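Read off the chains here:
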Amino acid sequence: MAAAAQSDAFVAFEHVQKSYDGVSLVVKDLNLTISKGEFLTMLGPSGSGKTTCLMMLAGFETATHGEITLDGRPINQVPPHKRGIGMVFQNYALFPHMTVGENLSFPLEVRGMGKSQRDEKIKRALDMVQMGAFANRRPAQLSGGQQQRIALARALVFDPQLVLMDEPLGALDKQLREHMQFEIKHLHESLGITVVYVTHDQGEALTMSDRIAVFNDGRIQQLAPPADLYERPDNSFVAGFIGENNKLLGTIEDLSGDRALVRLPTGELIDATPVNVREKGQKTLVSIRPERVEFKPSMMPEGAHTLDAVVTEVIYMGDILRAVLRVAGQDGFVMKMRNTQGQTRLAPGEAIKVGWHPQDARALDP
Amino acid sequence: MTDLAANALLTTADGRPLKSALAAAQVRAKRRAFLLVLPLLLFVLLTFVVPIGQMLHRSVYHDGFSANAPAVSAWLAAHPAGTAPDEAAYAALAEDFKAMKAAKTAGEAGTRVNYTLPESRSLFTKTARVADDLAPPYREALLAVDAKWGDPLVWEAMRSASSAYTSDFYLSGLDMERTADGGIERVPPKERIYVYLYLKTFALSALITFICLLLAFPVAHLLATLPMAKANLLMILVLLPFWTSLLVRTTSWMVLLQGQGVVNNTLVALGLIKDESRLSMMYNQTGTIIVMVHILLPFMILPLYSVMRVIPPSYARAARSLGATSWTTFRRIYLPQTLPGIGAGALLVFILAVGYYITPALVGGADGQLFSNLIQFHMTKSNWSMAAALSAMLLLGVLLLYWLYDRLVGIDKLKLG
């Protein structure tokens, strides 16, 4: 998907900048292409500019500088109602004075579609989200999850090529949210539509997306498929924002190809993969995922450097065991172990040695 | 059955039946709740329900004649309407006049008859002055005092006044009067004032409400969409008139709008109008409309604002993204959601406008007077019963509208803030 993005761009942001007050930039030089049929997620903390980008694409905000094109056509001057983009809002925005059927009928009516054709499309859209029996209800009579489905059906009923979703699952409880994630994903796959999805929930982003654009401070920090983003973060912001992460501060002792030797302040040496460090003596932040930390010598590669660790706490979480360790003079180093048959149960106070494959530890900018 | 039997056997820990224990516990809570609202209940009862009840009672009750002229009232009660008064009737009248002269109540009785038949009061006071000289045969004696005592209309008026309870005040309010034979007919066209003014008051109030709505809608929308700091400033400007005395506001409009006022002078100075054709915007209907719209505008803005403030902008955005133009979005999405506010504001402004009297009294001139000015007129004349009857008519009109609103929109949809 990522490779195809450049060749057939369906949506493209070119050097887009956005300022609300003329003093500071909310979006700084955004370049992004989205290919047809792609599921792209804009992920980032609040205030990172991701929602502003979505609103510019929808036409509710105008870009201060730069060009946005949709299917090869510049759309900066096109008003929202002529863009033909479906949109799902955070609070669903179902019209409260209309029934579910009337809500779905609205986009078809404003397009001047005849009654029989409308009814057919409404029925199809409602069946698609398994809400066929609810056409005559008012939005207020529906549960959050049902409203969510209707909002989805309304955004899809007029067959848009592009659907934008602005944190659509934020108001649902965890279980429903996970269920809806799969439904949206399946709809995306079966309809072949292009989806731009905004969320601050990294789990949601990882589960659903073809590619994720991680936003911070008005810039895309990394644009990559979920696995790359999680396993090979480009910088310490991405590493810290996606998933749980152990950070060790140190200095580059030796740099050779795809191996870096990092000396910790306490004098110990660890292995890492250099990502955006250039030379020896440079400060670096080494990031290691808790589930990639090993404490059994048999699981570590030959000649791996190890660190002495003391178990301070073990938390039983059902599917995994979470051990909090004291490593290299600092508390809060986390190690996750699968709760398998015969898994070694650590006890607080126990002294162990931890290590990892060098490719799992990434030496990033501090 | 088994459930009932089991319930009947349930007792509290100390052996009392559960039901009576529950009732006892609830009685205490209910009594406390009642005592808490009691002061307000009494206050509302004393200052609202009782006065309105009294007003309604007064509109159908006036014992000025029946209490002071018991003998003739008794004769009238004994004889059906249309009976020509005989010597006994005149004797009873003379007897009553002697008593009224002693008690100095002839004016009161005359006032009551006067309401039904104008210019009767002087007949009573004139007769009372010579009451002591009246001697049999009374018919001749009274006719000698004033020939009007032979007029069947006077006797019909006394018949209607002889009962303390009467619908005469409502008849007058509907521009009706009694005929000599006890029938009812409309007063001559020249004297028909109440119904015309009643309808005009409702029409003017509707116009004022409509203008208020047109002016308030954009302002309320602006208030609801501006950032907080700016909206607060604007809100202060909206509320500013509330903090100024009604009289001050009305007089400033007089300064602005009168013939030699600021607006006219400016227009003349700019050469837009000629000096001899200055606009008359004061002391007429136009003045009443302008000033009342200004005074009642906040009552329209506030309910609208409170409704608009809670309509999330995402509805409009959703409509736009679904392909609606901004006009369609307004008409089909925004406007329907502001209906509770429009209803509340319109009802509030309309009811206030219908009962307004200071402003029309000050700036209305001859043709800008409203129904309430008539009520005030009768109150200053101490004709409480007539004022009460007119007030009751106004109240009925407002209640009818209220009922209509409830049927059409639903009172539970009303949102005042």
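Residues numbered from 1 in each chain as written. Chains lettered and ligands numbered in written order. Predicted model: local features only at pLDDT ≥ 70, side-chain atom pairs only at ≥ 80, totals over all residues. Heavy atoms only, no water.

In terms of regular secondary structure, chain A is built from 8 helices and 19 strands. Referenced to the eigenvectors of the C-alpha coordinate spread, the extents of chain A come out at roughly 75 × 45 × 35 Å. Across the 366 residues that make up chain A, the buried fraction comes to 51%. Pairs at least 24 residues apart make up 67% of the contacts formed inside chain A by residues separated by at least 6 positions. In chain A, 39 positive and 44 negative side-chain charges are present, and the distance between their average locations comes to 4 Å. (Helix = DSSP H or I, 4+ residues; strand = E, 2+ residues; numbered from the N terminus. Buried < 20%, exposed > 50% of the residue type's maximum accessible area, 1.4 Å probe, protein only. Contact = heavy atoms within 4.5 Å. Lys, Arg positive; Asp, Glu negative; His and termini not counted. Charge placed at Lys NZ, Arg CZ, Asp CG, Glu CD.)

Residue and element names in this part refer to chain A. Domain annotation of chain A identifies domain 1 (9–236) and domain 2 (244–364). Between domain 1 and domain 2, the C-alpha centre-to-centre distance is 39 Å. With both sides pooled, the region where domain 1 packs onto domain 2 buries about 730 Å², and carbon together with sulfur makes up 44% of that total. When the buried area of domain 1 at its contact with domain 2 is split by residue, Y230, P233 and S236 rank highest and sum to 60% of it. Our enumeration of links across domain 1 and domain 2 arrives at 0 salt bridges. Taken together, the connections running from domain 1 to domain 2 amount to 5 residue pairs in polar contact (both at pLDDT 80 or more). The element that contributes the greatest number of residues to the side of domain 1 that touches domain 2 is helix 7 (residues 226–231), accounting for 3 residues. Looking at the side of domain 1 that touches domain 2 residue by residue, the class counts come to 3 nonpolar, 2 polar and 3 charged. (Domains from an automatic or database assignment. Buried area = accessible area lost by both parts, 1.4 Å probe. Salt bridge = Lys/Arg side-chain N within 4 Å of Asp/Glu carboxyl O. Polar contact = N/O pair within 3.5 Å; in protein donor to acceptor, adjacent residues only side chain to side chain. Nonpolar A, V, L, I, M, F, W, Y, C, P; charged D, E, K, R; others polar.)

Splitting chain B by domain gives domain 1 (2–58), domain 2 (70–191) and domain 3 (194–413). Taking only C-alpha atoms, the centre of domain 1 of chain B and the centre of domain 2 of chain B are 54 Å apart.

Right, let's talk about the packing of aromatic side chains for a bit. In this structure the tally under the stated criterion is 21 aromatic pairs over all chains. Relative to F169(B), the ring of Y115(B) has its centre 5.6 Å away and its plane inclined at 65 degrees; by these criteria the two rings are edge-to-face. Here Y115(B) is found in helix 5 (residues 106–116), whereas its partner F169(B) is found in helix 9 (residues 168–173), with 54 residues between them in sequence. You'll find Y115(B) and F169(B) in the same group, each marked buried. Between F217(B) and Y334(B), the ring centres sit 6.5 Å apart and the planes meet at 85 degrees, which makes this aromatic pair edge-to-face. Here F217(B), found in helix 10 (residues 194–225), pairs with Y334(B), found in helix 16 (residues 326–354); they are 117 residues apart in sequence, far enough to count as distant. Both residues of the pair, F217(B) and Y334(B), count as buried. Chaining the aromatic ring pairs together yields one cluster made of F65(B), F97(B), F124(B) and W149(B). Looking at K18(A), its charged tip hangs above the ring of Y20(A), at a distance of 5.0 Å from the centre. (Phe/Tyr/Trp six-rings, centres within 6.5 Å; stacked < 30°, edge-to-face > 60°. Lys NZ or Arg CZ within 6 Å of the ring centre and 35° of its normal.)

A separate point is the interface of chain B and chain A. The interface is formed by 17 residues belonging to chain B together with 23 residues belonging to chain A. When the two sides are added together, the surface that chain B and chain A hide from each other amounts to roughly 1,800 Å², 65% of it contributed by carbon and sulfur. Considering only the side of chain B, the residues that lose the most area to chain A are R317(B), L322(B) and R332(B), jointly responsible for 38% of the buried surface there. Our count for the contact surface shared by chain B and chain A stands at 2 salt bridges.

With that settled, the discussion passes to the sheet that holds strand 18 (residues 351–354) of chain A. All names here are of chain A. Spatial strand order, 17-16-15-18: 4 strands in an open sheet with antiparallel pairing. Each having just a single partner strand, strand 17 (330–338) and strand 18 make up the two edges of the open sheet. Put simply, the sheet's adjacent strands are angled 45 degrees from each other on average, direction ignored. Pairing of strand 15 (residues 307–316) with strand 16 (residues 320–327), which is carried by 7 bridges, proceeds in the antiparallel orientation. Pairing of V310 across the sheet is with R326, part of strand 16. (Pairing = 2+ DSSP bridges. Axes fitted to C-alpha atoms, helices over the stretch in contact; angles between N-to-C directions.)

Residue and element names in this part refer to chain B. Looking at where G355 falls in the secondary structure, it is placed in the loop between helix 16 and helix 17 (358–363). Put simply, G355 and P303 are 52 residues apart on the chain and 20 Å apart in space, counted from C-alpha to C-alpha. Non-local contacts of G355, meaning those with residues more than four positions away in its chain, are made with S372 and L394.

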